[in-house]
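A closer look at the structure
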Amino acid sequence: MTALDQMAPEIPPLLGDSGMYREAVNQFDRVAAYMGLDPNISQRLRLPQRSLVTTFPFRRDDGRVETVFGYRVKHVLTLGPTKGGIRYAPSVNLGEVAALAMNMTWKCALVGLPYGGAKGGVRVAPETLSRGETQRLTRRYTSEIFTFIGPQRDIPAPDLGTDAQVMAWIMDTYSHHVGHGAPGVVTGKPVELGGTAVRQESTGLGLAFLLPMALEMVDLPLENTRVAVQGYGQVGRSAARAVTRLGARVVAVSDLSGGIHCPDGIDIQALEQWTDRNVWVKGFPGADPIRGDQLFEVDCEVLIPAAIQEVIHAGNAHDITASVVLEGANAPTTMEADRILRDRDILVVPDILANAGGVTVSYFEWLQGLQYYIWTDDETRQRLQQIMTTAFREIKKVAGEENVDLRTAALIKGVARVTNAKLLRGLFP
Ligand code: GLU
């Protein structure tokens, strides 16, 4: 190996080599076959419409220049501009981003948002970046994808490893390029820049709005229901807070440092104060330590995977004690694990429905950005509740009519909406 090879970034897999993309396509194929979808449409929807792969350099604080891979993928442009988060993670690759963009299409379609799905990412470990490095990397990445994004083209938002500050830098860089302030180019911005305070908690709130409806389907009461939350990032934290407020009891939480367990219920306010000071849940004095993987076996009624993809797999799906899995993360359950959970009569509220609260509040923020008009937080919460609960009821109805699980029903609804829109627009030229 030459010195040059050692410095160069590893070449990441492309579309067909990605297991996650193949899973997303297999899942789509299964539903397309079930729906008897026109093959002219299904072959189109299996593939992303536009993909941008870039490599770009940024300067580390010590003066070194590092080159990284960046991506932005738009799955379909049929319904309007595209929408979806940007993640910073060391394993990001084109297939992962394309799979997640496809996921965003179905998610937006089933809650009725006027968007196609998109996703972006930079292949970098965010915890190794200083604030200055994150800013330089973000601004350069924004410049690279500048012609691809815009309030009417494609609107990024936070995802794994990115936050409101990253969105502020994207907005600032984009605004400098176009020569005027452009709040509509990203969502999940700080409140001072036209973000909405509810966006931070929106995914957790959305999950909590669905919790009573999911419990009703399995004949369980809400009061004192035991919940285990895997992942204590933005989604996990907001979910733990929201379900506690509803009267449920969070009995276990995990993050990269490990897990904590307290059968009587964790004091979520105290845990928030602890993680504000210490970052990780490890060492929290109000609960017993457990290993991160033990979280899936904890006695509970509801499991909320709220971190990354493929954490529920054939190796642990048999150990889950919960009656309901509420998918806060994107694609947390492999197809094989999904089959196991179905056979075990565990109700899975799928990601594209369960975590749609995030992109729904993003949509509200985008509208406010385009109109320079601000809604109150109460108004935002009420409209979110209405959209989430309506979507749940509609999907439950499809599940009942078709005698399928909620994931299949949600996909049927999302795919049908995009298909109808495609047929109405027709083929160009
Ligand atoms: N990253 C979030 C998701 O996967 C939000 C996307 C958005 O708000 O555009 O749903």
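Below is a short write-up of the structure. (Residues numbered from 1 in each chain as written. Predicted model: local features only at pLDDT ≥ 70, side-chain atom pairs only at ≥ 80, totals over all residues. Heavy atoms only, no water.)

**What about the nonpolar core?**
- The biggest cluster of nonpolar side chains holds 97 residues, and the ones touching the most others in it are Trp106, Val253, Ile266, Leu271, Ile304, Leu326 and Val349.
- With 12 residues, helix H4 (residues 94–110) is the largest single contributor of residues to this core.
- Leaving out residues up to four positions away in the same chain, Leu271 has contacts with Tyr232, Val253, Ile260, Ile266, Val281 and Phe284.
- Residues Ile86, Ile170, Ala182 and Val186 belong to the second largest nonpolar core, which totals 23 residues. (Core = buried A, V, L, I, M, F, W, Y, C linked by side-chain atoms within 4.5 Å. Buried < 20%, exposed > 50% of the residue type's maximum accessible area, 1.4 Å probe, protein only. Helix = DSSP H or I, 4+ residues; strand = E, 2+ residues; numbered from the N terminus. Contact = heavy atoms within 4.5 Å.)

**Concerning empty space enclosed by the protein**
- In total, this model carries one cavity of 30 Å³ or more according to the counting rule given.
- If you add up the space inside the largest cavity, you get close to 220 Å³.
- Lining the largest cavity are 18 residues; nearest its centre among them are Glu23, Ala24, Gln27, Asn103 and Ala331.
- Where the lining of the largest cavity is concerned, the elements lending two or more residues are helix H2 (19–35), H4 and helix H14 (406–425).
- Broken down by class, the residue content of the lining of the largest cavity amounts to 10 nonpolar, four polar and four charged. (1 Å grid on protein atoms, 1.4 Å probe; cavity = no way out; pocket = protein on both sides within 12 Å on 5 of 7 lines; lining within 4 Å. Points joined across faces, edges and corners; volume = space filled by probe spheres on them. Nonpolar A, V, L, I, M, F, W, Y, C, P; charged D, E, K, R; others polar.)

**Describing the layout of surface pockets**
- Of the volumes computed, that of the second largest pocket is approximately 480 Å³.
- Around the second largest pocket, the lining residues are Asn40, Ile41, Arg44, Gln49, Leu77, Thr78, Lys422, Leu423, Arg425, Gly426, Leu427 and Phe428.
- Where the lining of the second largest pocket is concerned, the elements lending two or more residues are helix H3 (39–45) and H14.
- A per-class count over the lining of the second largest pocket returns five nonpolar, four polar and three charged.

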